[in-house]
Amino acid sequence: INSWFVAVCTLLKPLYEVHRQQVLEQTYLQADESKIKVLTKILKDKNGKRIKVDTRKKGSKQMLGWMWVVRSPQTGQVLFVYEDNRGQKAAQQVLSGFQGGFLQTDGLGSYNSIAARADVERLGCWAHVRRKFFEAQGNDKKRAQHALGLIQQIYGHERKTAEYAPEKRKAYREEHLLPLFQEFKDWLDEQCVYVTPKSAMGQAFTYAQNQWPTLVTLFQDGRLLIDNNHIENKIRPLALGRKNYLFAGSHEAAQRAAMIYSFMASCKEHQINPYQWLKDTLDRIPDTKLSELNTLIPSPQWKPMEQNT
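Note that the coordinates shown come from a computational prediction; the quantities given were computed from them, not determined experimentally.

Counted by the stated rule, this structure contains 16 aromatic pairs. Judged by centre distance (5.3 Å) and plane angle (25°), the rings of Phe80 and Tyr261 are stacked. In this pair, Phe80 sits in strand 4 (residues 78-83) while Tyr261 sits in helix 9 (residues 251-269), placing the two residues 181 residues apart along the sequence. Judged on exposure class, the residue Phe80 and its partner Tyr261 are both buried. A centroid spacing of 5.4 Å and a plane angle of 75° characterise the contact between Trp126 and Phe184, whose relative ring orientation is edge-to-face. Here Trp126, found in helix 4 (residues 126-135), pairs with Phe184, found in helix 6 (residues 166-191); they are 58 residues apart in sequence, far enough to count as distant. One aromatic cluster in this structure is built from Trp126, Phe133, Phe181, Phe184, Trp187, Phe205, Trp212 and Phe219. Over the ring of Tyr155 we find Arg130; its NZ or CZ atom is 4.3 Å from the centre of that ring.

Moving on, we get to the pairing of strand 3 (residues 61-71). Successive side chains on a regular strand alternate, one facing one side of the sheet and the next facing the other. Judged by how many residues are buried, strand 3 sits mostly within the fold: eight of 11 residues are covered. For strand 3 and strand 4, the ladder comprises six bridges, and the chain directions are antiparallel. From the neighbouring strand, Val70 faces strand 4, where its bridge partner is Leu79. Counting the residues between successive antiparallel strands, the hairpin from strand 3 to strand 4 contains six residues, one of them, Gly76, with a positive phi of roughly 80°.

On to the pattern of salt bridges, then. Pairing of side chains with opposite charge becomes possible as their charged atoms draw close. Throughout the structure, instances matching the rule amount to 10 salt bridges. With its nearest N and O atoms 3.0 Å apart, the salt bridge here joins Glu33 to Arg86. One end of the pair, Glu33, is in strand 1 (residues 28-44); the other, Arg86, is in the loop between strand 4 and helix 2 (88-94), and 53 residues separate them in sequence. On the accessibility criterion, Glu33 (7% relative accessible area) is buried. The shortest N-O distance in the salt bridge between Arg173 and Glu158 comes to 2.5 Å. Here Glu158 lies in helix 5 (residues 141-160) and Arg173 lies in helix 6, a separation of 15 residues in the sequence.

Turning to helix 1 (residues 2-24), a few remarks are in order. Taken as a whole, helix 1 carries its principal kink of about 45° at Lys13; the proline Pro14 stands between one and four residues after it. Residues of helix 1 that are buried: Cys9, Leu12, Leu15, Tyr16, Val18, His19, Arg20, Val23 and Leu24.

It is worth spelling out the side chain of Arg122 at this point. Turning to its location among the elements, Arg122 is positioned in strand 6 (residues 120-123). A polar contact of 3.0 Å, which involves the side chain of Arg122, links it to the backbone oxygen of Leu108.

Glancing now at the nonpolar core. Counting 35 residues, the largest nonpolar core has Leu15, Leu29, Trp68, Leu95, Leu103 and Tyr111 as its most contacted members. For this core, the secondary structure elements donating two or more residues are helix 1, strand 1, strand 3, strand 4, helix 2 and helix 9. It is helix 1 that contributes the most residues to this core, seven residues altogether. Beyond its immediate stretch of four places on either side in the chain, Leu95 contacts Leu24, Leu29, Val70, Leu103, Tyr111, Ile114 and Arg117. Of all hydrophobic cores here, the second largest spans 34 residues; its members include Tyr28, Ala127, Phe181 and Phe219.

What follows is about the side chain of Arg20. With respect to the helices, strands and loops of the structure, Arg20 is situated in helix 1. Buried Arg20, no salt bridge; nearest opposite-charge side chain is Glu17, N-O distance 4.9 Å. Residues contacting Arg20, with those up to four places away along its chain left out, are Leu79, Val81, Gln93 and Val94.

Analysis parameters
Residues numbered from 1 in each chain as written. Predicted model: local features only at pLDDT ≥ 70, side-chain atom pairs only at ≥ 80, totals over all residues. Heavy atoms only, no water. Phe/Tyr/Trp six-rings, centres within 6.5 Å; stacked < 30°, edge-to-face > 60°. Helix = DSSP H or I, 4+ residues; strand = E, 2+ residues; numbered from the N terminus. Buried < 20%, exposed > 50% of the residue type's maximum accessible area, 1.4 Å probe, protein only. Lys NZ or Arg CZ within 6 Å of the ring centre and 35° of its normal. Pairing = 2+ DSSP bridges. Salt bridge = Lys/Arg side-chain N within 4 Å of Asp/Glu carboxyl O. Bend = angle between axes of the 7 residues up to and from the residue. Polar contact = N/O pair within 3.5 Å; in protein donor to acceptor, adjacent residues only side chain to side chain. Core = buried A, V, L, I, M, F, W, Y, C linked by side-chain atoms within 4.5 Å. Contact = heavy atoms within 4.5 Å. Lys, Arg positive; Asp, Glu negative; His and termini not counted.

Below you can see the structure in the form of structure tokens.
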């Protein structure tokens, strides 16, 4: 069965590269990352530099790898990319084809060099801010509930704009959300001196204040989303998978898994039956020209072979 999986992924790799290029061409991307265990053996060369050798033989160890997930809110396409680390170089590798625009992430420093580009505007995530204050309730219930109350009001207004056109949403936010944002910021600045920096509440304050420039990016464009929850939903199947298969057998196997996660998540996003898509694509891809591979990508434009004839 594993050999079949490898063969399928080998066949789909050119399509994955086209899919990856299409995602990174978008001007608004969301990004996140989640860990995955990988079976590997650590060796050292004559200079003492670590070499990672994939093997299932005696002496193998598990290491932490990372599934980086990128989603385009404009097209609904989802891209998984495996890297063996969570650092800045990995982020640059994953987003190397990003042409510029808005990049929505949490506060992970690995994205800093990309956000520092002149053609990239970083957008924060209110869900991460809310989570910090929710987790701080046991430390400082009064301040935590005040923060959560303000955030609830912000989300209440945001829900009203779900069906608005971008320009109308932008105008609504400026009228109704901007005062709430300012109230929240004033409260942060006033209360931060009364909390211990290393406490759960202190960490929530620090996170919100550090992320503030990226949180107010929301007002620049009505297309922008208030949080990264959509992409976190795409990571959930990965978390479920980890409980079943425990680890990937190699770095190559982890990247093959990333490929399949990309296609399945994109199918789900567009309400395409993944079995139907995969069967149809495997039937057609051997005879599809490289210039026409985009027709096989799971998107609203995709149609099975019988509907194309």
